[in-house]
Amino acid sequence: MTDRSFTIKVPATSANIGPGFDVVGLSLSLHLTLKVTVSPPTPQSPSRPPILTYTGEGSDEVPLDAYKNLTTRVALYVLRCNNITKFPTNLTIEVNNEIPFGRGLGSSGAAVIAGVLLGNQLGNLNLPQTRLLDFALMVERHPDNVTAALVGGFVGSYLRELDKASTEAASVPLSEVLPEYPPDASEEWGLNPPQPPIGIGHYVRFGWAHSIKAIAIIPRFELSTAKARSVLPLEYSRKDLVFNLQRLAVLTTALSREPPDPELIYEAMKDRIHQPYRKTLIPGLPEVTSNITPDSHPGLLGICLSGAGPTILALATGGYEKIAEDARAIFNEKGIEVDWKVLTVAGGSFIEEHDN
Ligand SMILES: Nc1ncnc2c1ncn2[C@@H]1O[C@H](COP(=O)(O)OP(=O)(O)OP(=O)(O)O)[C@@H](O)[C@H]1O
Ligand SMILES: N[C@@H](CCO)C(=O)O
């Protein structure tokens with residue numbers, strides 16, 4: 001028997017793009033890459049626990065225990081749901097990550113999608129894409145990042161209204177979906193995990209004008225999605241909802257048109273559902289989004305908070321450096337250091353099997 005090896009590659013994502021809170025996502029050209037090897041047992045190594053190594057973003061904080069790491073815990077959840085209670089013996093996973101943690105660039109969504117694809121691959125499950133999405137949505141319960149990370153491009157998604165039994169199945173605490181530790185006596189723990197209902201998430205890919213690039217202006221601090229969601233109200237006025245719906249409807253088509261129209265897009269990327277509430281957590285956010293405009297910065301199309309923040313996403317066809325450096329100067333005035341990158345829209349996740 002020979003080693004089996006394959007590579008999984010998952011893109012970063014920016015969710016919301018202004019008015020599309022929990023609805024739209026855009027895949028971007030930073031990647032989480034897993035190089036996976038499964039070696040047959042040998043007399044010297046009949047069986048050993050998984051070895052996980054990690055380079056790049058988050059390597060100083062990510063757990064390297066396969067039973068604690070988000071990606072491998074998700075993979076084990078997928079395997080357990082398919083009657084496989086353990087990782088294969090002699091599994092090695094070398095991770096390289098370009099997606100900064102907790103910045104609004106979909107690091108957790110990418111880790112979850114990588115885990116679902118890893119479980120599917122290790123168990124030779126051949127799950128269809130819709131089922132892969134169901135598993136991801138049991139872990140990350142808003143569809144915007146995970147859908148864009150899985151299928152790639154500029155994507156809108158919704159969660160199907162579930163019947164009572166499916167709603168209960170999809171509402172189990174995350175600690176039950178992803179227990180942290182392996183069982184001492186694996187039987188009870190290994191069996192009967194909460195199965196995802198079928199067909200939770202549905203999506204459509206919008207067009208994307210190729211001349212549009214995304215500048216990610218990334219503050220050097222982390223903001224967890226949970227914290228950035230905790231400041232949001234539970235209810236909104238009709239006026240604010242209509243404000244967002246009007247803009248989102250225009251935005252999804254405006255970003256596909258060549259040449260893109262800055263006047264239309266700048267206004268269509270405004271939001272009243274999440275950004276105004278998150279400004280308390282991101283000093284400089286209102287100043288950056290209101291002072292950098294297509295008039296002051298030729299090439300700019302629109303500017304918004306990326307996902308739950310703190311990264312700012314500027315869509316532009318040129319003038320990248322001036323946009324980024326002027327945003328940097330505003331953040332610097334608030335005592336915040338930033339890094340910035342010009343990114344392109346990426347394809348979806350993919351797996352490459354290697355011949356050994
Ligand atoms: N590659 C990874 N491997 C393991 N855990 C990860 C990985 N990437 C992210 N995580 C976990 O996810 C956490 C960040 O998730 P969080 O949802 O707060 O932010 P985000 O996904 O980067 O931002 P957003 O959801 O706004 O785009 C990290 O602190 C870490 O615990
Ligand atoms: N739509 C989510 C994305 C976070 O990943 C939010 O803004 O909270």
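As the structure is a prediction and not an experimental result, all values here were calculated from the model.

### Comments concerning the overall build of the protein
Counting its secondary structure elements, the protein contains 13 helices and eleven strands. Relative to the compact-globule value of 21 Å for 356 residues, the protein shows a C-alpha radius of gyration of 21 Å, a close match. Its C-alpha atoms give the protein principal-axis dimensions of roughly 70 × 45 × 35 Å. Burial analysis of the protein (356 residues in total) assigns 54% to the buried set. For the protein, restricting intrachain contacts to residue pairs at least 6 apart in sequence, the fraction spanning at least 24 positions comes to 79%. Working note: accessible area of the protein is about 15900 Å², and carbon and sulfur atoms make up 53% of it. Charge separation in the protein, taken as the distance between the mean sites of 30 positive and 38 negative side-chain charges, equals 3 Å.

### Points about a negative patch on the surface
Taken together, Glu57, Asp60, Glu61, Glu98 and Glu222 make up a surface patch of like negative charges. Counting through the fold element by element, Glu57 comes out in the loop between strand 3 (51-56) and helix 1 (70-81).

### What to know about the sheet that holds strand 8 (residues 300-305)
In sheet architecture, strand pairing relies on hydrogen bonds along the backbone and comes in two forms, parallel and antiparallel. If you trace the four strands from one edge of the open sheet to the other, you get 8-9-7-10, paired in antiparallel fashion. Strand pairing shows two members of the sheet lacking a second neighbour, strand 8 and strand 10 (338-343), which therefore form its edges. Across the sheet, the mean angle from the axis of one strand to that of its neighbour is 15°, orientation sign disregarded. Contacting strand 7 (213-219), strand 8, strand 9 (312-316) and strand 10, helix 13 (residues 320-333) runs over the sheet at an angle of about 20° to strand 7.

### Some thoughts on the site of ligand 2
Contacts to ligand 2 come from Ala15, Asn16, Phe21, Asp22, His142, Asp144, Asn145, Thr225, Arg229, Arg278, Gly307 and Ala308. At a separation of 2.8 Å, an oxygen atom of ligand 2 approaches a polar side-chain atom of Asn16. Its free accessible area being 260 Å², ligand 2 has 95% of it covered by the protein chains. Of all the secondary structure elements, the ones that give two or more residues to the shell around ligand 2 are strand 1 (4-16), strand 2 (20-38), helix 4 (143-151) and helix 8 (225-230).

### Thoughts on the nonpolar core
If you look at the biggest cluster of nonpolar residues, it comprises 79 residues, and the most contacted ones within it are Ile17, Leu32, Leu34, Leu118, Leu122, Leu255 and Leu315. Broken down by element, this core gets its largest block of residues, nine residues, from helix 2 (residues 107-122). Two domains each provide a minimum of three residues to this core, namely domain 1 (4-202 + 345-354) and domain 2 (207-343). Once residues within four sequence positions are removed from consideration, Leu118 is found in contact with Phe6, Ile8, Leu34, Val36, Thr71, Thr72, Ala75 and Ile93. Counting 24 residues, the second-largest nonpolar core is a separate cluster that includes Ile215, Ala228, Ile312 and Ile330.

### Focus: the packing of helix 2 against helix 4
The geometry of helix 2 relative to helix 4 is characterised by a closest axis approach of 9 Å and an angle of 55° between their N-to-C directions. Taken together, helix 2 and helix 4 sit at an angle that is classed as oblique. As helix 2 packs across helix 4, the resulting crossing turns out to be right-handed. Contacts between helix 2 and helix 4 involve Gly109, Val112, Ile113 and Leu117 from the first element and Val146, Ala149 and Leu150 from the second. For the contact of helix 2 with helix 4, the class distribution of residues is six nonpolar, one polar and no charged.

The rules we used
- Residue numbering note: each chain is counted from 1, following its sequence as written.
- Lettering for chains starts from A, numbering for ligands starts from 1, and both go in the order in which the items are written.
- For a predicted model such as this one, the threshold for reporting local features is a pLDDT of at least 70, and the threshold for listing and counting side-chain atom pairs is 80 or more; totals across whole chains, interfaces and linings nevertheless cover every residue.
- The basis for every side-chain value is the complete set of non-hydrogen atoms in the structure, without hydrogens or water.
- Secondary structure elements follow DSSP: runs of H or I no shorter than four residues count as helices, runs of E no shorter than two count as strands, and numbering proceeds from the N terminus.
- Here the radius of gyration uses the C-alpha set of atoms, whereas the globule reference equals 2.2 Å times the residue count to the power 0.38.
- Note on exposure labels: buried denotes an accessible area under 20% of the residue type's maximum, exposed denotes more than 50%, and partly exposed covers the range between, all computed with a 1.4 Å probe on protein chains only.
- We call two residues in contact when some of their heavy atoms are within 4.5 Å.
- We get accessible surface area from the Shrake-Rupley algorithm with a probe of 1.4 Å; when it comes to residues, only the shown protein chains can shield them.
- Counting rule for charge: Lys and Arg are taken as positive, Asp and Glu as negative, and neither His nor the chain ends is counted.
- All charge positions are set by atom: Lys at NZ, Arg at CZ, Asp at CG, Glu at CD.
- Nonpolar side chains (Val, Leu, Ile, Met, Phe, Trp, Tyr) are joined into patches within 5 Å and like charges within 9 Å, using only residues with over 30% relative accessible area and no salt bridge.
- The working definition used for a salt bridge is a side-chain nitrogen of Lys or Arg within 4 Å of a carboxyl oxygen of Asp or Glu.
- A strand pair is defined by DSSP finding two or more bridges across the two strands.
- Axis definition: a line fitted to C-alpha atoms, limited for helices to the stretch in contact. Angles are taken between N-to-C directions and run from 0 to 180 degrees.
- One heavy atom within 4 Å of a molecule or strand is enough for the residue carrying it to be called near that molecule or strand.
- The term polar contact refers here to a pair of N or O atoms within 3.5 Å; inside protein, the definition further demands a hydrogen-donor-capable atom paired with an acceptor-capable atom, and it admits residues adjacent in sequence only when both atoms are side-chain atoms.
- Take the buried residues of types Ala, Val, Leu, Ile, Met, Phe, Trp, Tyr and Cys, join any two whose side-chain atoms come within 4.5 Å, and each joined set is a nonpolar core.
- An automatic or database domain assignment supplies the residue ranges for each domain.
- In this scheme, roughly parallel covers angles under 35 degrees and roughly antiparallel covers those over 145, while 65 to 115 is roughly perpendicular and the rest are oblique.
- What makes a crossing left-handed is the near helix being turned counterclockwise from the far one by less than a right angle; a clockwise turn instead makes it right-handed.
- When residues are sorted by character, Ala, Val, Leu, Ile, Met, Phe, Trp, Tyr, Cys and Pro go into the nonpolar class, Asp, Glu, Lys and Arg into the charged class, and all the rest, Gly among them, into the polar class.

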